[in-house]
Structures are given as C-alpha cells and as structure tokens.
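Commentary on secondary and tertiary structure
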2 protein chains.
Amino acid sequence: MATERPDLAAMLYPLVRELIALELPVLAAHDVSMWGYSVLTALDDTPVRTQAALAEAIGADKSRIIGTLDELQKAGLIERTPDPADRRVRLLSITPLGRRVRRAVRKEIQAQEEQVLATLAPADRKTFLRILQQFHASR
Amino acid sequence: MATERPDLAAMLYPLVRELIALELPVLAAHDVSMWGYSVLTALDDTPVRTQAALAEAIGADKSRIIGTLDELQKAGLIERTPDPADRRVRLLSITPLGRRVRRAVRKEIQAQEEQVLATLAPADRKTFLRILQQFHASR
DNA sequence: GCTTACGATATGCGTATGCCTACTATTGAT
DNA sequence: ATCAATAGTAGGCATACGCATATCGTAAGC
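Residues numbered from 1 in each chain as written. Chains lettered and ligands numbered in written order. Predicted model: local features only at pLDDT ≥ 70, side-chain atom pairs only at ≥ 80, totals over all residues. Heavy atoms only, no water.

In this section: the relation of the copies chain A and chain B. Least-squares fitting of chain A to chain B yields an RMSD of 0.1 Å, with the superposition described by an axial translation of 0.0 Å and a rotation of 180°. With respect to symmetry, the two chain copies, as superposed, fit the operation of a two-fold axis. Considering only C-alpha atoms, the residue of chain A closest to the rotation axis is Phe128 of chain A, which sits at 3.2 Å. Taken as a fraction of all interface residues of chain A, those also at the interface in chain B reach 100%, which identifies the copy contact as same-surface. (Least-squares fit on C-alpha atoms with pLDDT ≥ 70 in both. Contact = heavy atoms within 4.5 Å.)

Quick look at the structure:
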C-alpha cells in the first residue's frame with residue numbers, strides 16, 4: 001500500500017509554478033505569450049491543422065485562441081491560409097521565422113530548467129524525463 | 001547534452017490539469033474548495049501559524065485567503081484563536097473534524113491518482129514518487 | 001434548392017487571480 | 001507619550017479563464 005505522501009498535485013503544482021516563472025522572462029524577451037509559444041510548439045511538431053483541432057490539442061478555448069493566432073500571424077510566426085478544398089478552414093502552418101523563434105525559446109527555456117533538473121542525481125534525472133515523456137506521449 | 005524533448009512545463013502542465021480534474025469531484029463531495037483543502041493540508045502538517053505565514057506557505061495571496069478561512073471556520077474545520085501574547089495575531093489550528101475531512105479527502109484523491117500512477121512500471125512509480133517528494137521537500 | 005452541420009470569429013458572463021491600497025487594532029521602540 | 005511597523009481585514013482594478021451564445025460563410029446530404 002501507499003506510503004504516507006502528499007497528493008501528486010500538491011507536489012507538482014509548485015514545481016510547475018517555478019518552471020513557469022523561469023519561462024516567463026524568456027518568453028517576454030522573444031515577445032511571445034505562453035499561449036503563443038504553445039501554438040508554435042504544436043505547429044512545429046505537427047505541421048497543418050484546423051484551428052479547432054489546434055485549440056483542442058493545446059487545451060485552449062476555441063474562441064479564445066484567435067487573438068493569439070492574430071498576434072502570431074502579425075509577427076510573421078505562423079500563416080493562416082484558406083484551405084482550397086474547404087474554404088471554411090484556415091490551414092495553419094509555422095513559418096521559418098516562427099520555427100527559429102520556437103527553437104530559440106525552447107533552447108533558452110531548457111537552459112533555465114537546468115536549475116531544477118540539476119538537483120537530481122543523473123540516474124534520477126534520466127528516469128524522471130523518461131517518465132514525463134511517457135505521460136506526455138500518452139495523452 | 002540533452003536529447004530533444006518537450007519543455008518540462010509542457011509535459012507537466014497537462015498532467016497537473018488531469019490530476020486537478022480528478023480532485024475536483026472529491027473536493028466537491030466534501031464541500032471543500034481547492035484553497036480550503038490546501039489550508040487544511042498545511043495546518044495538519046504544521047499545527048499553528050499566523051495567517052500571513054500560512055498564505056505564503058501555500059502560495060496564496062494574504063488578502064484573498066480570508067474568505068477561505070472564514071468558510072473553513074464556519075464549517076468547523078479550523079479554529080482562529082487570538083494569540084494571548086500578541087492580540088493582533090490569530091493562531092490557526094485544524095480541528096479534529098478538519099483533520100478527519102482532510103484525511104478522508106486525501107485518501108480519496110490518492111485513490112483517484114491511481115489512474116495515473118497505475119500506468120507506470122512499479123520501479124518507475126517508486127522513483128517518480130521519490131523524486132517528487134524530493135522536489136516538494138526542497139521548497 | 002433547402003436544410004442541416006461545421007469552421008472561424010466575436011462577444012458577454014461569471015468567476016478567479018495577482019497586485020495594490022487603505023483601514024483598524026495592536027505592538028514595540030524611542 | 002508618540003510614532004513607526006505589523007496582522008488581519010476589506011475593497012478596487014486589470015487581467016485571464018472557461019463556458020455559452022450568436023453570426024457569417026461554406027459544405028454536404030437530401
């Protein structure tokens with residue numbers, strides 16, 4: 001049976017808070033919002049998609065995502081092209097600039113994350129990352 | 001060097017979202033808010049404290065925590081007694097009822113968490129929990 | 001052709017958040 | 001005795017969120 005321990009959320013939430021605090025300055029330096037970065041990440045990993053599908057994929061609200069897309073488009077980081085096959089649909093794609101920004105941001109963010117990961121023993125660090133990727137891939 | 005991987009927050013946040021979704025019905029069933037549960041947990045683990053210290057401990061706003069304390073007090077889950085030594089201070093303590101509620105909630109929450117933890121191999125599960133507790137204890 | 005369904009968009013509502021100010025009672029130092 | 005600092009409390013303000021609804025153009029089945 002389980003040993004006495006705090007709830008998972010109680011342990012994870014402060015960690016996430018700390019990680020977000022580490023991310024914010026990086027995002028601000030690149031003029032990208034959290035949602036914007038989330039969109040760039042999703043588009044870089046999976047090229048085209050409808051906006052509704054994108055919203056669902058990143059856990060955002062379908063109607064609230066539009067301002068984010070507007071900003072990204074205006075900054076030249078993504079493109080919204082009407083689908084010739086279904087003119088209701090806007091095909092989303094990341095631009096080369098968007099890709100560069102996304103990767104630069106990710107690199108800096110992961111550098112910040114070292115402050116957290118460095119506290120783990122090498123074997124633990126490896127296991128931890130593997131488990132998280134497993135969770136991430138399975139949902 | 002680091003293998004290509006999503007950001008920690010990108011992997012952790014969906015997980016936390018899922019865990020919170022599992023918690024909410026449990027909390028609702030016991031008529032306790034998330035902040036309320038957070039307060040009960042803090043007080044059960046460390047008996048007395050001033051409200052300001054409590055707020056800081058659970059990462060809440062000093063002024064926004066008051067409604068939560070009012071509710072908990074009204075429900076008989078905590079007590080606020082003036083400190084005889086410094087009458088500005090209200091000493092906070094969890095009541096026996098509060099303790100029972102907190103522990104019942106935690107038990108049910110951790111039962112829900114099994115849906116997440118059960119996907120891990122036994123060794124991974126053990127390591128994962130150990131790492132999280134390590135993070136949790138270190139901040 | 002007409003009706004129904006769907007994608008993108010805009011907007012409103014209720015609520016929660018972080019941050020900040022102000023007020024009262026009380027303390028502690030001068 | 002006076003004054004600055006502190007704990008708890010209350011409230012305002014700007015922002016963000018999830019949820020719901022409405023509109024408009026388009027698509028597809030009948």
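Below, the discussion takes up the packing of helix 1 (residues 8–29) of chain B against helix 5 (residues 96–117) of chain B. Residue and element names in this part refer to chain B. Between helix 1 and helix 5, the shortest axis-to-axis distance is 9 Å and the interhelical angle comes to 140°. Relative to helix 5, helix 1 is oriented oblique. Both helix 1 and helix 5 take part in a crossing whose hand is right-handed. The residues of helix 5 that touch helix 1, namely those facing Leu15, Glu18, Leu19, Leu22, Glu23, Val26 and Leu27, are Val105, Glu108, Ile109, Gln112, Glu113, Gln115 and Val116. (Axes fitted to C-alpha atoms, helices over the stretch in contact; angles between N-to-C directions. Helix = DSSP H or I, 4+ residues; strand = E, 2+ residues; numbered from the N terminus. Parallel < 35°, antiparallel > 145°, perpendicular 65-115°, else oblique. Left-handed = near helix turned anticlockwise from the far one by under 90°.)

The subject of this paragraph is the pattern of salt bridges. Overall, the coordinates contain 20 salt bridges over all chains when judged by the stated rule. Put simply, Arg88 of chain B and Asp86 of chain B hold a salt bridge, and the shortest N to O gap is 2.9 Å. Under the relative-accessibility criterion, Arg88 of chain B is labelled exposed at 73%. Several salt bridges share partner residues, and in doing so they unite Asp44, Asp45, Arg99, Arg102 and Arg103 of chain A into one network. (Salt bridge = Lys/Arg side-chain N within 4 Å of Asp/Glu carboxyl O. Buried < 20%, exposed > 50% of the residue type's maximum accessible area, 1.4 Å probe, protein only.)

DNA strand D sits among 18 residues. The nearest are Trp35 and Arg64 of chain A together with Arg17, Gln51 and Arg64 of chain B. The sugar-phosphate portion of DNA strand D accounts for 60% of its atoms within 4 Å of the protein, the bases making up the rest. Arg80 of chain B is positioned with one of its side-chain polar atoms (N or O) 2.9 Å from a phosphate oxygen of DNA strand D. Class assignment of the residues belonging to the surface near DNA strand D gives a composition of four nonpolar, four polar and 10 charged. (Near = heavy atom within 4 Å. Polar contact = N/O pair within 3.5 Å; in protein donor to acceptor, adjacent residues only side chain to side chain. Nonpolar A, V, L, I, M, F, W, Y, C, P; charged D, E, K, R; others polar.)

Arg17, Gln51 and Arg64 of chain A together with Trp35 and Arg64 of chain B are the nearest of the 19 residues found near DNA strand C. The separation between a phosphate oxygen of DNA strand C and a polar main-chain atom of Ala52 of chain A is 2.8 Å. Within the side chain of Trp35 of chain B, an N or O atom sits 2.5 Å from a phosphate oxygen of DNA strand C. Classifying every residue of the surface near DNA strand C gives four nonpolar, four polar and 11 charged.

A few words now on the packing of aromatic side chains. All told, the structure shown has three aromatic pairs over all chains when counted by the stated rule. Both rings, one in Phe128 of chain A and one in Phe128 of chain B, keep their centres 6.1 Å apart while their planes meet at 25°; by these two values the pair is stacked. On the criterion of chain membership, the pair formed by Phe128 of chain A in helix 6 (residues 122–137) and Phe128 of chain B in helix 6 (residues 122–137) is interchain, its members lying in two chains. Neither Phe128 of chain A nor Phe128 of chain B differs from the other in exposure class; each is buried. Counting every residue linked through ring pairs, the aromatic cluster contains Phe128 and Phe135 of chain A together with Phe128 and Phe135 of chain B. (Phe/Tyr/Trp six-rings, centres within 6.5 Å; stacked < 30°, edge-to-face > 60°.)

Taken together, the contact pairs 40 residues of chain A with 40 residues of chain B. Note on chain A versus chain B: buried area summed over both sides is about 4,200 Å², and carbon and sulfur give 63% of it. Summed over the shared surface of chain A and chain B, the number is six salt bridges. For Arg106 of chain A, the salt bridge is made with Glu4 of chain B, and the minimal N-O distance between the two is 2.8 Å. Counting across the chain A and chain B interface gives 16 residue pairs in polar contact (both at pLDDT 80 or more). Every element with two or more residues in the side of chain A that touches chain B is listed here: helix 1 (8–29), helix 5 (96–117) and helix 6 of chain A. A per-element tally of the side of chain A that touches chain B places helix 1 of chain A first, with 14 residues. Looking at the side of chain A that touches chain B, its residues break down into 22 nonpolar, seven polar and 11 charged. (Buried area = accessible area lost by both parts, 1.4 Å probe.)

Glancing now at the UniProt feature "domain: HTH marR-type" (unreviewed entry) in chain A. If you check UniProt for "domain: HTH marR-type" (unreviewed entry), the listed places come out as residues 5–137 of chain A in our numbering. Regarding residues 5–137 of chain A, the helix share stands at 67% and the strand share at 8%, and the terminal C-alpha atoms are separated by 26 Å. (UniProt positions renumbered as here; feature names shortened; annotations may be inferred.)

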